[in-house]
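Coordinates in review
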Amino acid sequence: MDTQEHGYVWGVYLNTTSLALTFILLCISTLVFRTNAKSNRQSKLGARAFPLGFGVTLQLVRQLRANTVLEWTQKVLNVPGRTVEVPIGGIVMTDNTENIRAIMSTQSDCFGKGETYHKIWSSLMRDSILTTDGHAWQVNRNHLVAHTAKIRPTDYAVTDRHAQNLIRVLSDGMPHDTLDQLNRFAIDVVSDIFYGSSTNTLLTNDQSLRDAIQRHKNVNTWRLLFGKIGTLMPPDREACDVIEKYLDHVVDTFSLEDSESQEEHDRKAQTLLGVLSAQGVSKKVLKDQLVAVLVGGRDSVAIAVTWALYELVRHPETLRELRAELSKIVGPSDPPSSSQLEGLEFLNSVVQETMRVHSSVGMNVRSALKDTSLPTGGGLTGTSPVGILAGTSVVLGLDSLHHRTDIFGPDADVYRPHRWDNHWKPDTWTYFPFNRGARPCLGKNLALMEVKFVLCRLLQAFGSIEMVEKIGDEVVTVNIDKREKIRTKMAFNTKPAEPVWLRFRR
Ligand code: HEM
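All chains use their own residue numbering, which begins from 1 and follows the written sequence. For a predicted model such as this one, the threshold for reporting local features is a pLDDT of at least 70, and the threshold for listing and counting side-chain atom pairs is 80 or more; totals across whole chains, interfaces and linings nevertheless cover every residue. Computation of side-chain values: all heavy atoms of the structure, hydrogens and water removed.

The chain is annotated in an unreviewed UniProt entry as Cytochrome P450 of Massariosphaeria phaeospora.

Okay, here's the thing in C-alpha cells:
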C-alpha cells in the first residue's frame, strides 16, 4: 500500500477510508455543535421552531429563475405567524405586521443595511445614504433631506420639459419598450432637478451611463445573492469607471455663470449640487449625495408608471374613467398644477392601487446588526418571539403583505382602484410602498408628483395606447383578455420580467 494512503491520527494508524470517515465525522460533529450553539443563543432570545426545511432554499433559487418568486413568497408566508426561515445563508422572511413594525420602527436600531450590503453596493452607490447605517447614514440624510422633502415650483416645469421629450419619442407610431423609455425620462428629470443639468438621455442615442448602471446592478444583484462570498467577487469595473467619470464631470463642470438666464441661475443655485457646493463639502461627500438621488430616483418611478400604463391598457373602463377625470379637472393640453394633482382623486387611486399590486420594491432586506428578537411569528403556533442572530438577513415581503386577503379582502389580487375611494387608507403597517418608520423613502413627494404628472401628460397627448407583441420583426396587437399576465422579476428592484410593448397614437 502507498504510504500516502496511510497516516496517524491521535496516535491511531488509519488507511484512506478511515481517514475520510474520520473527516466526515468531524465535520458532522462541528455542524451539530454549531447548530446547538446557535439554538442556545436563539432560545435565549425567544422560542424558535420554523416550519420549513432545506427544500425552501432550493425552491427559492428555482422561483427566482422562473420569475415567480413573489407569488411563491405569498404561499410560503401563508403559515401561522407569517414568518419563516430559509436555513442556508441565515435568512428569515416575514410579512407579519408586528414584526415589520419592530424592524422598521420600534427596534430599528437593531437592523440596518449591514456590512455585506455596504461592501457589495458601495461600488455603485458609494458611501451614500443607500448603503450606510448609524452615524454615516445620519450625516448623509442631513445633507439630503432638505432637498428631497419638498417640491419646488420649478420642479414642475423641469418635469414637463422631459415629459414633452418623452412624448416626442413615443409619437412615431412604433411600439416602445415602455420601461426603457420611462427609465430615460426618470434619469433625465432627477439629474435636472438635483444637479441643475440633465442627462438628456431621451434626446440622444448614447445610453452609456444608463447601460453602465444597469450592468453594475445586474452583477451586484448576483454578488448579493452569494452573501459574504459575494464581497470577494469583483464588480463590473468598466461600469464603475463610466459612472465615476460621469459624477466627476457633473461636479467639475458645475458653474452658475453658464446659466442662460437669471431664472436658470437661481434654480441651479438652489439644487442639491448648488447648495452643497456653496457649503464647500468635499468632492467625495458631494458625489455620495449625487449618486444616492440618481440611483434612488430612477428605476422606481419608471417601474411605477410602466405598471400603471400596463394596468390601464388591461382595464379599459378604468382608463376611460381616468381620462374623464383629467379632461374635467386639467383639460386637454395644459400641464397639471400642484393643486390639480392633489385634487385628482381617481388618478391618486390608480397610482395607489398600481403600487399595491406591483411594488417597485417588492422585498426589502435588513441585516440584524446585533443579536435580537422579533416579537412574534415563532414556535409551532407562530405566536412566540423569534430569535434573530446578528448577521441574519430579514426579508420583508412587501409585495406579499400588499396581497394579503385578510388585509385587502378576498379580491386582494385584483387590480381595483376603487378600493381607495373616499380617501380609504389601510392600517399603518399594512401598506407602504415607500417604506415607513425610521428609514422612509426621501423622494416620496417628488416620486408621486412625477408619476402622476407624466401619466397625466401621456394621457393628454395620446388618445390611444395599445399593447403589442413583437414576434421577430412583426408587430402584433395583443388581445388583452387572452394575454397572460406579465410576471415580475426580482433584481435590485422588482420590475416587469419582460418588455411591456406599447404603441401610442395621438
Ligand atoms: C415610485 C417611486 C419610488 C418608490 C416606490 C420608492 C421606494 C423606496 C423605498 C421602498 C425605499 C427604502 C429602501 C430601503 O430601505 O432599502 C426608498 C429609499 C430611498 N429613496 Fe425612494 N422610491 C421612489 C422614488 C424615489 C425618488 C424619486 C427619489 C429621489 C430623491 C428617492 C430617493 C430615495 C432615497 C434617498 C432613499 C434612501 C432612504 C434611506 O435609506 O434613509 N426615491 N425608496
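1. A closer look at the coordination of the iron atom of the ligand
Geometry reference: four tetrahedral donors at a metal, ideal angle 109.5 degrees. Six octahedral donors, ideal angles 90 or 180 degrees. Condition: Shown as donors are all N, O and S atoms within 2.8 Å of a metal ion, widened to 3.2 Å for Na, K and Ca; because water is not in the atom set, sites may appear incomplete. Elements are defined by DSSP. Helices are runs of H or I of four residues or more, strands are runs of E of two residues or more, and each kind is numbered from the N terminus.
There is one protein donor for the iron atom of the ligand, namely Cys-441 (SG), at 2.3 Å. Tracing the backbone shows Cys-441 in the loop between helix H19 (405-408) and helix H20 (444-461).

2. Overview of the site of the ligand
Note the following rule: One heavy atom within 4 Å of a molecule or strand is enough for the residue carrying it to be called near that molecule or strand. The definition of a polar contact used here is a pair of N or O atoms within 3.5 Å, where within protein one atom must be able to donate a hydrogen and the other to accept one, and adjacent residues in sequence count solely through side-chain atom pairs.
Of all residues adjacent to the ligand, which total 24 residues, the nearest are Lys-113, Trp-137, Arg-366, Arg-439 and Cys-441. Take Asn-364: an N or O atom from its side chain is 3.0 Å from an oxygen atom of the ligand. Between the ligand and Asn-435, the relevant distance is 3.1 Å, taken from an oxygen atom to a side-chain nitrogen or oxygen of the residue.

3. Things to note about the packing of helix H8 (residues 178-195) against H20
Condition: Only the stretch in contact is used when fitting a helix axis, every axis being a line fitted to C-alpha atoms; angles between N-to-C directions are given from 0 to 180 degrees. In this scheme, roughly parallel covers angles under 35 degrees and roughly antiparallel covers those over 145, while 65 to 115 is roughly perpendicular and the rest are oblique. Note: crossing handedness is left-handed where the near helix turns anticlockwise from the far helix by less than a right angle, and right-handed where it turns clockwise. Contacts were defined at the residue level, with two residues in contact if any of their heavy atoms lie within 4.5 Å. Put simply, Ala, Val, Leu, Ile, Met, Phe, Trp, Tyr, Cys and Pro go in the nonpolar bin, Asp, Glu, Lys and Arg in the charged bin, and everything else, Gly too, in the polar bin.
Between H8 and H20, the shortest axis-to-axis distance is 12 Å and the interhelical angle comes to 130 degrees. Taken together, H8 and H20 sit at an angle that is classed as oblique. Crossing of H8 over H20 shows right-handed handedness. Residues Phe-185, Ala-186, Val-189, Ile-193 and Phe-194 of H8 touch H20, and the partners they reach there are Leu-446, Glu-450 and Val-454. Here the residues of the contact of H8 with H20 sort into seven nonpolar, no polar and one charged.

4. Comments concerning unusual backbone geometry
Although it is not a glycine, Asn-67 adopts a positive phi angle of roughly 55 degrees. Considering the arrangement of structural elements, one finds Asn-67 in the loop between helix H2 (55-65) and helix H3 (69-76). The phi torsion at Asn-435 lies on the positive side, around 65 degrees, for a residue other than glycine. By the secondary structure assignment, Asn-435 is in the loop between H19 and H20.

5. Some words on the sheet that holds strand E10 (residues 393-397)
Put simply, the test is: In this description, strands pair whenever DSSP reports at least two bridges between them.
Reading across from one edge, E3-E4-E10-E7-E5 is the order of the five strands in this open sheet, with mixed pairing throughout. Each edge of the sheet is formed by a strand with only one pairing partner; in this case those strands are strand E3 (83-86) and strand E5 (111-112). Taken together, the five bridges between strand E7 (residues 363-368) and E10 define a ladder with antiparallel strand orientation. Bridge pairing links Ser-367 to Ser-393 in E10.

6. Section: the pairing of strand E12 (residues 474-477)
Note that strand E11 (residues 464-471) and E12 share four bridges and pair antiparallel. Pairing of Val-468 across the sheet is with Thr-477, part of E12. Linking E11 back to E12 in an antiparallel pair, the connection comprises two residues, with Gly-472 at a positive phi of about 60 degrees.

7. Looking at the packing of aromatic side chains
So the rule is basically this: Centre distance within 6.5 Å is the pairing criterion for rings of Phe, Tyr and Trp, where only the six-membered ring of Trp is used; planes under 30 degrees apart are then read as stacked, over 60 as edge-to-face, and the remainder as tilted. Only protein chains enter the calculation, and the probe is 1.4 Å; a residue is then buried if its accessible area is under 20% of its type maximum, exposed if over 50%, and partly exposed in between.
Scanning the entire structure with this criterion turns up nine aromatic pairs. Judged by centre distance (6.3 Å) and plane angle (40 degrees), the rings of Tyr-117 and Trp-121 are tilted. Of this pair, Tyr-117 and Trp-121 both sit in helix H5 (residues 114-125), four residues apart, roughly one helical turn. With respect to class, Tyr-117 is no different from Trp-121; both count as buried. Ring centres 4.8 Å apart and planes at 55 degrees place the aromatic pair Trp-420 and Tyr-431 in the tilted group. Note that Trp-420 is positioned in the loop between H19 and H20 and Tyr-431 in the loop between H19 and H20, a separation of 11 residues in sequence. By relative accessible area, which is 6% here, Trp-420 ends up buried. The class of Tyr-431 is buried, set by a relative accessible area of 7%.

8. A word on the sheet that holds E11
On the basis of which strands lie adjacent, the open sheet formed by four strands has the order E6-E15-E11-E12 and antiparallel pairing. In the strand order of this sheet, the two ends are held by strand E6 (175-177) and E12, each with one partner. When strand polarity is set aside, the average angle formed by the axes of neighbouring strands in this sheet is 45 degrees. Summarising the sheet, E11 and strand E15 (residues 501-505) pair through four bridges and their orientation is antiparallel. Paired with Glu-466 across the strands is Arg-503, a residue of E15.

9. Quick notes on the nonpolar core
To keep things clear, this is the line we draw: To qualify as a nonpolar core, a set must consist of buried Ala, Val, Leu, Ile, Met, Phe, Trp, Tyr and Cys residues joined through side-chain atoms within 4.5 Å.
Judged by nonpolar contacts, the single largest core of 95 residues is most densely connected at Tyr-195 and Leu-309. In contact with Leu-309, not counting residues within four places along its chain, are Thr-178, Leu-182, Leu-455, Leu-458, Ile-465, Leu-502 and Phe-504. By size, the runner-up hydrophobic cluster in this structure holds 16 residues, among which are Leu-374, Leu-401, Trp-429 and Phe-432.

10. Quick notes on the UniProt feature "binding site: heme" (unreviewed entry) in the chain
The condition that has to hold: UniProt positions are given in the numbering used here, feature names are shortened, and annotations may be inferred rather than shown by experiment.
The feature "binding site: heme" (unreviewed entry), as annotated in UniProt, sits at Cys-441 in this numbering. Beyond its immediate stretch of four places on either side in the chain, Cys-441 contacts Phe-434 and Asn-435.

11. Here we look at the pattern of salt bridges
If the charged atoms of two oppositely charged side chains come close together, the side chains can form a pair. The criterion, for reference: Salt bridges, as used here, are contacts in which a Lys or Arg side-chain nitrogen is within 4 Å of a carboxyl oxygen on Asp or Glu.
On inspection of all chains with the given rule, the structure shows 32 salt bridges. In this structure, Asp-160 and Arg-457 form a salt bridge, with 2.9 Å as the shortest nitrogen-oxygen distance. Taken together, the residues Asp-160 in helix H7 (residues 153-170) and Arg-457 in helix H20 connect sequence positions 297 residues apart. Each of the two residues, Asp-160 as well as Arg-457, counts as buried. In this structure, a network of salt bridges that share partners links the residues Arg-126, Asp-127, Glu-244, Asp-248, Asp-252, Lys-283, Lys-284, Lys-287 and Asp-288.

12. Concerning the environment of His-265
Position of His-265 among the secondary structure elements: in helix H11 (residues 262-269). In this structure the C-alpha to C-alpha distance between His-265 and Ser-255, which are 10 residues apart in sequence, comes to 9.1 Å. Contacts of His-265, omitting those with residues within four sequence positions, involve Leu-256 and Ser-259.

13. A closer look at helix H6 (residues 134-149)
Put simply, the test is: Take the seven residues that end at a residue and the seven that start at it, fit an axis to each, and the angle between those axes is the bend at that residue.
Bending of H6 peaks at approximately 35 degrees at the position of His-143. Listed as buried for H6 are Trp-137, Asn-140, His-143, Leu-144, His-147 and Thr-148. Turning to H6, the residues buried within the fold contact H8, helix H12 (272-279) and helix H13 (283-296).

14. Thoughts on the packing of helix H17 (residues 345-357) against H20
The contact between H17 and H20 brings their axes to 11 Å, and the two run at 115 degrees. Here the hand of the crossing between H17 and H20 comes out right-handed. Each of Leu-347, Asn-348, Val-351 and Met-355 in H17 lies in contact with H20, whose residues at this interface are Leu-448, Val-451, Lys-452 and Leu-455. For the contact of H17 with H20, the per-class residue count stands at six nonpolar, one polar and one charged.

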